[in-house]
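What follows is each chain in one-letter form.
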Amino acid sequence: MVSRNDRLRSGVFYRLVSISSRLGEDCYYLVHIFLLIVMKEGHLDSYGYRIHYIHWEGTGPKLLLIHSMGMDGHSMDQLADSLKSDYDILSLTILGHGDSDSPNTELPLDEHAEIMRNICKQLDFKPSVLIGHSVGGMMGMILTAKHPDEYKGLVLVDIAPFEMTGRSSRPEPPAYFESEKEAKEWLAERYPGFTSHYVENRIKHAFKRKDGKLYLKPRGDTVRSGLAINLWPYVEQIQCPVLLLMGVDSDLVTPETQKRMEKTVPDIEAVKVEGTGHMIPQDVPEKFEELVKGFLKRINY
């Protein structure tokens with residue numbers, strides 16, 4: 001028996017295809033591609049850890065998204081939505097965050113990176129362009145250096161080698177929030193540049209609800225101390241094209257570090273992004289998409 005939802009989907013498909021047919025062949029093709037894209041979300045085991053992933057199963061070149069500290073695999077959803085008709089996109093949640101497992105022992109960053117890579121191997125997701133925000137970019141430097149045949153390009157989002165203390169300088173969040181309004185107020189204080197889209201994105205994906213209260217999912221506290229590492233030896237081995245994005249209001253990538261990156265990496269473009277600090281994808285998503293799309297156009301797949 002055909003369900004009501006199946007009938008509704010079929011009706012929507014028929015109307016969209018009918019409209020696109022009247023508008024021309026190109027529009028007809030694009031509507032078909034859009035409707036055929038499937039977003040899968042689930043978990044896979046990687047070296048004994050349960051890893052959360054989101055996969056927009058497109059037919060184009062592969063893009064791997066790895067988020068920043070405190071975020072999760074949904075924190076670049078807007079970028080994925082804008083690219084899914086042209087690319088096959090996989091977004092991973094690193095250990096100690098969101099819906100992935102939290103390790104009970106300290107792991108070095110290179111092990112974190114290999115845990116992510118193993119998910120890609122299971123899904124035969126290579127070669128890809130890796131887009132890494134903050135700690136995701138740190139993993140990206142390691143993976144593109146160690147496995148050059150598996151990566152066609154690297155986008156570093158407000159990250160380069162720096163001296164990491166392994167401690168957070170920010171105060172601990174409340175144990176829970178009494179209401180969604182309280183949670184939004186905390187988000188506005190913690191991430192003042194977030195667009196309304198990403199505030200809602202965080203309300204939807206960063207919290208679990210119990211007895212009417214909102215509790216933050218894990219945000220990296222159990223893995224932070226194991227992330228300190230000298231990344232320059234890896235940077236010296238990177239051969240793929242690199243796009244380095246730096247928020248104008250962020251001091252994480254210093255002018256000296258930028259110069260050293262430009263001197264060390266054979267093919268690198270460094271861009272200062274206005275109107276944001278460290279949280280470029282969530283503060284200025286349209287500009288982020290524009291810069292990423294421009295970079296992807298020059299990749300030799």
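Structure: above.
Residues numbered from 1 in each chain as written. Predicted model: local features only at pLDDT ≥ 70, side-chain atom pairs only at ≥ 80, totals over all residues. Heavy atoms only, no water.

**A closer look at the packing of aromatic side chains**
Link 1 in the chain: Counted according to the given criterion, the structure contains seven aromatic pairs.
Link 2 in the chain: With a centroid separation of 5.8 Å and 50° between ring planes, the pair formed by F177 and W186 is classed as tilted. Each member of the pair, F177 together with W186, is buried.
Link 3 in the chain: When the centroid spacing of 4.5 Å and the interplanar angle of 15° are considered together, the rings of Y191 and F194 count as stacked. (Phe/Tyr/Trp six-rings, centres within 6.5 Å; stacked < 30°, edge-to-face > 60°. Buried < 20%, exposed > 50% of the residue type's maximum accessible area, 1.4 Å probe, protein only.)

**Considering the pattern of salt bridges**
Link 1 in the chain: With the rule as written, the count across this model stands at 15 salt bridges.
Link 2 in the chain: When salt bridges with common partners are traced through the structure, they connect E114, R117, K146 and E150 into a single cluster. (Salt bridge = Lys/Arg side-chain N within 4 Å of Asp/Glu carboxyl O.)

**A few points about the nonpolar core**
Link 1 in the chain: Of all hydrophobic cores here, the largest spans 46 residues; its most connected members are L64, M141 and M261.
Link 2 in the chain: Counting only elements with at least two residues in this core, the list comes to β2 (49-56), β3 (62-66), β4 (88-92), α4 (109-122), α5 (135-146), β6 (151-157), α8 (232-235) and β9 (242-247).
Link 3 in the chain: Element by element, the count of residues in this core is highest for α5, at seven residues.
Link 4 in the chain: Residue contacts for M261: discarding those within four places in its chain leaves L156, A160, P161, W232, V235, L244 and I268.
Link 5 in the chain: Grouped together as the second largest cluster of nonpolar side chains are 26 residues, I131, V155, L291 and I299 included. (Core = buried A, V, L, I, M, F, W, Y, C linked by side-chain atoms within 4.5 Å. Helix = DSSP H or I, 4+ residues; strand = E, 2+ residues; numbered from the N terminus. Contact = heavy atoms within 4.5 Å.)

**Observations concerning the pairing of β2**
Successive residues of a regular strand alternate their side chains across the two faces of the sheet.
Link 1 in the chain: A large share of β2 lies buried, amounting to seven of its eight residues.
Link 2 in the chain: Relative to β2, strand β1 (residues 39-46) runs antiparallel, the two sharing eight bridges. Paired with S46 across the bridge in β2 is Y49.
Link 3 in the chain: Where β1 hands over to β2, the hairpin turn is made up of two residues, of which Y47 adopts a positive phi near 55°.
Link 4 in the chain: Of the pairings in the sheet, the one linking β2 to β4 comprises four bridges and is antiparallel in character. Residue pairing for β4: I54 is matched across the bridge by S91. (Pairing = 2+ DSSP bridges.)

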